[in-house]
Amino acid sequence: MTAVVRPCAMSLMAAFLLGSCQPDASEVAAAVDAGVVLAEEGKFSEAKEVFLRAISLDSTYAEAHLRLGYMHEVADALAAAKREYAIAARLDSSMAAAHYNYGLMLAKEGDHQNAADAFNRAIDILAVDPDSALAPLPHYCLGLIHAARGEYDDALQAYNRALEFSSDLPYVHNELGKVYKQRDQLEESEAAYKRALELKADLLGAHYDLMTVYMRMRRPDLAAKHKRLFEQFRDQQGG
Amino acid sequence: MVVMAGCAGAQTAAVASGPTFVEMSHQAGVDVRSWSGDEDTKSILETTGSGAAFYDADGDGDLDLYVVNGKVAIEHDRYRPLSHDVSPPEDLSTVHNTLLENTGDGRFEDISFASGTAHSGWGQGCVSADYDNDGDADLFVTNFGPNLLYRANGDGTYAEVAAEADVHGDEYSTAAAFADYDNDGDVDLFVGNYVDLDMSTAVLPGEGKWGITRGIPSSPPPEAFDGQPDMLYRNQGDGTWVEASASAGLNVRRGKALGALFWDYDGDGDQDLYVANDAMANFLYTNGGGGTFTEEGLLLGVAYSEGGVVGGSMGVAAGDYDGDDLPDLLVTNYEGQTATLYHNEAGYFADLSFPAGIGLRTLNPLQWGALFLDYDNDGDKDVFLANGHITAGLERDYPQSRYGQRNQLFRNDGGHFIEVTDDAGEGLQIAKSSRGAASGDYDGDGDVDVFVVNRNDTPSLLRNEAGNRNHRLEIRVEGTRSNRDGIGAKIRVVCDNVSQTRELRAGSSYLSSHSPWLSFGLGPCDKVEEVTIRWASGGVETFRGLAADRTWKIVEGKGITAGPETRP
């Protein structure tokens, strides 16, 4: 996965678990619901077959394509996942999750401009649903794209917008830390990384980057501390 | 910002325009096809490809070329059938490493068999140095299997003495570099080893967790294997070597080495060692003197990219790109990972890949060969990357994972890199699966050229056609107390009050080795105020008032002599 979107991957399950439509008595809806249950149980191959069956019953059922896309993504079949997300977004232009996940696939291919467009479409849709768990994520991903381009002011704006929806997103604080570090705002960077670690103590990247910040601040003692923590969590996580 | 440090004295120089690199492999007679198994790789062995070395094999003052080759096929029933775009030769003995003698007119002559260096095997990398200090260039070649040490006989032939010298090993050897790490006057040898590969048991495409990549059956990645210990051979000065990796402090962790270089990153006068490992932490061994190293890549910020992201690290280059007299580091990585530019901040390194302009442009390409080179002779280090995918099997479903990829050229603009590939001539528009890249002025016209090994294809000899519009200086050195090649010497050139420093090394990039002569672009400055050389022995010498556009030879303790002018 690209450096730009790797942190975005954490949103896959969050977006997947969102119920995007009201219960429907039709056979297709029932099939999709059954597939969702199978996926939640980790039975991804079976869930994929159920979603394929739902599509065979009704190829215009957007949610079936969206869910099938998730299953392709779990299997690392990213080209197929991208196709399904694109179909879902075309069938239901108001489906924020479809636009968002399509944007993720574009970003993984390095097509950052079109990815940004897809994220912006998701943002526009979610403007009427600010309580949605998905709401902060496209802002966060836009921030990654801006940061990669060196557009640090825009990146900070996007990350802070994401935090307005939910202040407890460790990955966003982590990325704020990176931007502040690139702007030589080391104290702000330190604070952002520390906040990320308060929320998720085993966030490897934050320990590593905080180590580098402390080296830059000529605080080798603190750098060594976060080096140890990075190594500890890296080894625990099988890295 | 730190990235702009040292740029106050940047020279305003003529900017190269028009075609910059022209592909000349056929005209020059170096279009020998490289082989590395199947395009649709089934084994990791087929992915690594090979490298090349520019060096003066015959001592006649111009650059010859050694190109390592692999095999047409893995000789094991588990790896058939094959798929080749081009039918392999019927006579497989024609697939071998190649020594090409520069005939002085822009062409090369194949002297592989006459010289005794036409080895056939799963060749990986090569590096040249005069390890026995007898005045001629020797050659070390890495293999999957026993390595080769070619000792030059002084008459254009070589004796292969690896087994006799006990430096042959029998691992999956890749990167190699010579340097005098113990400062005893002769060069020692580092050999990086990759993964523990058993062809009879390795995972095949489609098998299990490691035989699938993005839903496509593919050769297993490095994560499917254990690493192998690297080797550090200490030169005893009498033709024998002692394997000293353990006593020197290497291999605390087993790596999966693909790239390596010696450099003095901390400026304390001894040779440190950087090892790029595939899909795991890279190693920075700090030389503590007395023949020992301490690995501290993680704390110093060069083990991973920003965020602690592990890279599929392959090629390495060292050079001072921002003119602050501290050598920086460039590491190539897998697709989706960016090439990583580590800025030396005197005590640690900062990953400035994105702020310096390298990051975004290298997110997609799969990079191998890494060069710092001053292609336009304006006095700062530009960047060249050799790119190409490991397999042809992905691009059908993933068009962004193209097998053949363009190499990239970045012009240094005050410490910020601007990609100029589109405007760098037809030689940079070639899209092949490139691997090793070596630089040197093979045609002696005053600008640096590049040779690229392309997997399962003919190579690219990229002749530089625009760099010599600016002035330039070439320095050739010969050690007397130091090793004869002068490896490890640091040379600082001051012209128009702007200084630049280069360090002479043997082995870097990806499986490759560059010209042993150091080139300094001078921009519009045509009279060098001062050249200072700090030898590996610790001796320092200074020379003043040198004319530009000329080759100069410095012999340790014996002065400097003018060589030929650079032909325009």
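Residues numbered from 1 in each chain as written. Chains lettered and ligands numbered in written order. Predicted model: local features only at pLDDT ≥ 70, side-chain atom pairs only at ≥ 80, totals over all residues.

Caption draft 1: Expanded view of the overall build of chain B. When its secondary structure is counted, chain B shows 4 helices and 40 strands. Computed over the C-alpha atoms, the radius of gyration of chain B is 22 Å, within 12% of the 24 Å expected from 2.2 N^0.38 for a compact globule of 568 residues. By principal-axis analysis of the C-alpha atoms, chain B measures approximately 65 × 50 × 50 Å. A separation threshold of at least 6 residues defines the contact pool for chain B, and within that pool the share at least 24 residues apart is 62%. (Helix = DSSP H or I, 4+ residues; strand = E, 2+ residues; numbered from the N terminus. Rg over C-alpha atoms; globule rule 2.2 N^0.38 Å. Contact = placed C-beta atoms within 7 Å.)

Caption draft 2: Summary view of the overall build of chain A. Counting secondary structure elements, chain A contains 13 helices and 0 strands. Across chain A, helices and strands are ordered from the amino to the carboxyl terminus as α-α-α-α-α-α-α-α-α-α-α-α-α. Per-residue burial over chain A gives 53% buried out of 239 residues. Contacts in chain A between residues far apart in sequence, at least 24 positions, make up 47% of those at least 6 positions apart. (Buried ≥ 20, exposed ≤ 12 C-beta atoms within 10 Å, placed from the backbone.)

Caption draft 3: The packing of helix α2 (residues 27–40) of chain A against helix α3 (residues 44–57) of chain A, seen in detail. Residue and element names in this part refer to chain A. Following both chains from N to C, one finds α2 and α3 inclined at 170°, their axes separated by 8 Å at the closest point. The orientation of α2 relative to α3 falls into the category roughly antiparallel. The handedness of the crossing between α2 and α3 is left-handed. Residue-level inspection shows E27, V28, A31, V32, A34, G35, L38 and A39 of α2 in contact with α3, the latter providing F44, E46, A47, V50, F51, R53, A54 and L57. The residue makeup of the contact of α2 with α3, split by class, is 12 nonpolar, 1 polar and 3 charged. (Axes fitted to C-alpha atoms, helices over the stretch in contact; angles between N-to-C directions. Parallel < 35°, antiparallel > 145°, perpendicular 65-115°, else oblique. Left-handed = near helix turned anticlockwise from the far one by under 90°. Nonpolar A, V, L, I, M, F, W, Y, C, P; charged D, E, K, R; others polar.)

Caption draft 4: Region of the structure containing the pairing of strand β17 (residues 272–277) of chain B. All names here are of chain B. Among the 6 residues of β17, 6 are classified as buried, and the element is accordingly described as predominantly covered. Side chains D272, Y274 and A276 of β17 all project onto a buried face; the interleaved residues L273, V275 and N277 project onto the opposite face, where all are buried too. Judged from the 6 bridges that link them, strand β16 (residues 257–263) and β17 form a sheet pairing that is antiparallel. By the bridge assignment, G259 is partnered in β17 with A276. Two strands pair when backbone bridges link them, and β17 and strand β18 (residues 283–289) are joined in this way by 3 bridges, in the antiparallel orientation. Paired with Y274 across the two strands is L284, which belongs to β18. (Pairing = 2+ DSSP bridges.)

Caption draft 5: Expanded view of helix α4 (residues 62–74) of chain A. All names here are of chain A. Here α4 is 13 residues long and its end C-alpha atoms lie 19 Å apart, about the 18 Å a rise of 1.5 Å per residue gives. Across the 13 residues of α4, 12 count as buried, placing the element largely inside the fold. Once α4 finishes, D76 follows within two positions and takes phi at roughly 65°, a positive value. (Expected span 1.5 Å × (residues − 1).)

Caption draft 6: Fine view of the interface of chain A and chain B. Facing the 30 residues of chain A at the interface are 27 residues of chain B. For the side of chain A that touches chain B, the elements supplying multiple residues, two or more each, are α5 (78–91), α10 (170–182), α12 (204–216) and α13 (220–236) of chain A. With 7 residues, α12(A) is the single largest residue contributor to the side of chain A that touches chain B. Residues of the side of chain A that touches chain B, tallied by class, amount to 15 nonpolar, 7 polar and 8 charged.

Caption draft 7: View of the environment of B:H96. Residue and element names in this part refer to chain B. Among the secondary structure elements, H96 is positioned in the loop between β3 (64–67) and β4 (98–102). The class of H96 is buried, set by 21 C-beta atoms lying within 10 Å. Distance from H96 to S112, taken between C-alpha atoms, is 8.6 Å for residues 16 residues apart in sequence. Setting aside chain neighbours within four positions, we find H96 in contact with N69, S112, A118, H119 and S120.

Caption draft 8: Representation of the sheet that holds strand β2 (residues 52–55) of chain B. Residue and element names in this part refer to chain B. Spatially, 4 strands are ordered β2-β3-β4-β5 in an open sheet, and the strand pairing comes out antiparallel. Strand pairing shows two members of the sheet lacking a second neighbour, β2 and β5 (108–110), which therefore form its edges. Each strand of the sheet is rotated relative to its neighbour by a mean of 20°, with strand direction disregarded. Relative to β4, β3 runs antiparallel, the two being bridged by 3 bridges. When the bridges of β4 are listed, Y66 appears paired with L99.

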